[in-house]
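In case you want the letters, here they are:
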Amino acid sequence: MVEEENHYGKHGEPRKYDPEFKGPIQNRGCTDIICCILFIIAIVGYVAVGILAWTQGDPRKVIYPTNSRGEFCGQVGTDLENKPFLFYFNILKCANPIVLVQFQCPTTQLCVESCPDRSMTLLSAKNNDQDWAYYQKFCKSKVSGMTAQQILKDQLCPAVLIASKPFTRRCFPALGLKGGEITVGNQTTFDDGENKNRQASDLLPAVKNATIVIETRMVVMKIFEDYTVSWYWIIIGLVMATVLSLIFIVLLRFLAGIMVWIMIIMVVIVIGCGIIYCSVEYVHLKNAPGANITLRELGFQMDLNVYLHIRQTWLAFIIILAIVELVIVLLLIFLRNRIRIAIALIKEASRAIGHVMSSLFYPLFTFILLAVVIAYWAITAVFLSTSNEPVYKVFSEGSKECYHSGETCNPSNYTDSDMSKDCPESQCLFAFYGGETQYHKYLIFLQFYNVFLFFWCANFVTALGQMTLAGAFASYYWAFNKPQDIPACPIFASLGRALRYHTGTLAFGSLILSIIQVIRVLLEYLDHKLKGAENKFAKFLLCCLKCCFWCLEKFIKFLNRNAYIMCAIYGKNFCTSARDAFFLLMRNVIRVAVLDKVTDFLLFLGKLLVVGIVGIMSFFFFSGRAKGVDLVPNLHYYWVPILTIVVGSYLIAHGFFSVYAMCVDTLFLCFCEDLERNDGSPERRYLMPESLLKILNKNNQPRK
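As a starting point, this report considers the structure included with it. (Residues numbered from 1 in each chain as written. Predicted model: local features only at pLDDT ≥ 70, side-chain atom pairs only at ≥ 80, totals over all residues. Heavy atoms only, no water.)

Assigned secondary structure in the protein consists of 22 helices and 12 strands. Looking at the protein residue by residue over its 704 residues, the buried ones come to 46%. Taking the contacts inside the protein whose residues are at least 6 apart along the sequence as the reference set, 70% of them involve residues at least 24 apart. (Helix = DSSP H or I, 4+ residues; strand = E, 2+ residues; numbered from the N terminus. Buried < 20%, exposed > 50% of the residue type's maximum accessible area, 1.4 Å probe, protein only. Contact = heavy atoms within 4.5 Å.)

Right, here's the structure in full:
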């Protein structure tokens, strides 16, 4: 008794019996008002940032290429609507290292209707009327009646046209291979317009530098194309995941015990089949040419299909799946007795969800709110990142050195400026987007505010869902006569209480979590920046900090979740609810460590099974390994739809199973309080089901 008193003294006093207590308290007041006010002010500020970004930003800067005047090629409703391609006067200038710094080639860039399909010099074109008419399509203005020397001096036309092909709306030389030599327009040499014959290979550095700048955009465009041809198959895959999740949830409702064991066995079988399949592929590639090179030698490849022809890839899959299989089997062996209690808790959760069926559809409401938050953040981020002004720099293409090169200039009056007089052969060309106003100086802080409010709002929406479900399921547990004593609309009643009284509490808990998540993002950013650093102590310190904040985030999520449950029941502020939840869990620490976590593990296996089934089917379909299926779309990267379906399936399964998880957590806390409040006597009867009472060796005494 002395040890028990010391234990309770350390972790708070246990709940006393209260004959008036019948579940979530109705007579409650507003909590954490200060944090509620701060959250409202932050939301108002977030809206202001969005409005400011939308008035200053211009997404066209991302969509359309920009010519030397800062105009958008191919923009609908402008004079350049029918000129969607960007043409470089002298593509060789793109070999300049400045391209990688300022993301712009130091040469005149012009919007054109189509890229040149033939190679010729200005001098040769002048001697042929048909060629000259074609050549003038790539001039800045009309040049009729002017000599070739005057045209080149005024830089009105390029000195040479090189046969090109459009690539991300930009004209790049049409390079190829002929007899092992690099060609452009089927020729190994070309005239550079200065009466010099150049090798086609001289164009490689220019093309390489220019393509480095837009390589990411190319990948994004290919991914976008993959989505356009596979979106309906992705939707079918996600619908399958939804149907599978619903089937499991419905079966859990009526056959909880059997379904849990089926899920366990199915997960073990699915992973085992994966190991067998990977082993077969590993053996099959034994004598295949090139299959024995290592992943390190291969390096990173955008086409993931290449990795499937390497034996080491399948060996890695075998090892990963074998480790996962071993861990699951060992956990099942050592926790087999506790699984019975967890199944009893899942059965009770199934009954609760059966009485509160609307809870299964609540994740859709959470999903819609999260989609709004993500969309607002993404749109604001795009507009903020495109709210810079065009910056023009001096570029000199002449033989004489210009000491004004790289300086900022104004294209409207450049011809009359001192810089133009000092450097007659220079031009004032568009360089990049930037700005030096007060708005542009604080742009980075607005981006940070956008990211921080994104985390805060997303965590708030998640917290609202947790408190709403907790209040509904607590109403079920503490109802003495089920289902008569359960409120008519427990979900709506709980949602109303959460928004009316506990917006501040939800904001407080989500604020703490958001601060930790932002710190983690900053640590990841620092880690990315220090990858090339030689300071091992800094790397070690950063690694420790990342590990500590990861653990802290997990702990805060756990504490918040249970604090919201206590707040939904008793209506107290965040700190009091968190303290009461923590002490209650500490007084039942063995049950928490074993029972609650085992239940979470079983529900995780359910999500894993849904994702595994849909993911395996997607892999065989999109990779073309399914025999007799001719409906596979033509894709650049078949991993794009597979990854989308796998991630989407997990989110869908998580949405449905999270209702079960929240129900189990709520019932678990109520179950722990039930053990403290009641003793099984006729006056203080346990409210837990008979199946759970038997497993815990508890019983309710018969009424006299």
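What follows covers the state of the cysteines. As enumerated under the stated definition, the model contains three disulfides in all. Disulfide pairing places cysteine 73 opposite cysteine 111 at an S-S distance of 1.9 Å. Between cysteine 73 and cysteine 111 the disulfide shows an S-S torsion of about -75°. By sign, it is left-handed. Of this pair, cysteine 73 sits in the loop between helix H3 (60-63) and strand S1 (85-88) while cysteine 111 is found in strand S2 (residues 109-112), placing the two residues 38 residues apart along the sequence. Each member of the pair, cysteine 73 as well as cysteine 111, carries the same accessibility label: buried. (Disulfide = S-S within 2.5 Å.)

Under the defined criterion, the tally for this structure stands at 25 aromatic pairs. Taking 5.6 Å as the distance between ring centres and 75° as the angle between the ring planes, the aromatic pair formed by tryptophan 54 and tyrosine 376 counts as edge-to-face. Placement of tryptophan 54 in helix H2 (residues 33-56) and of tyrosine 376 in helix H12 (residues 362-385) is noted, with a sequence separation of 322 residues between them. The class of tryptophan 54 is partly exposed, set by a relative accessible area of 37%. Between tryptophan 132 and tyrosine 135 the ring centres are 6.0 Å apart and the planes differ by 20°, which places this aromatic pair in the stacked class. Of this pair, tryptophan 132 and tyrosine 135 both sit in helix H6 (residues 129-135), three residues apart, which is roughly one turn of that helix. Here the two residues tryptophan 132 and tyrosine 135 agree in accessibility, since each one is buried. An aromatic cluster of three or more residues is present, and its members are Tyr277, Trp314, Phe317, Phe619 and Phe620. (Phe/Tyr/Trp six-rings, centres within 6.5 Å; stacked < 30°, edge-to-face > 60°.)

Our focus in this paragraph is the pairing of S2. Covered by surrounding structure in S2 are Gln109 and Cys111 together with Leu110 and Val112, the residues of both alternating faces. As paired elements, S1 and S2 share four bridges and run antiparallel to each other. Bridge assignment links phenylalanine 87 to a residue of S2, and that residue is leucine 110. (Pairing = 2+ DSSP bridges.)

Throughout the structure, instances matching the rule amount to eight salt bridges. Salt-bridge contacts for lysine 557 lead to glutamate 553; the nearest nitrogen and oxygen are separated by 3.5 Å. Of this pair, lysine 557 and glutamate 553 both sit in helix H18 (residues 536-570), separated by four residues, roughly a single helical turn. Judged by its relative accessible area of 7%, glutamate 553 falls in the buried class. A network of salt bridges, in which partner residues are shared, links Arg520, Glu553 and Lys557. (Salt bridge = Lys/Arg side-chain N within 4 Å of Asp/Glu carboxyl O.)

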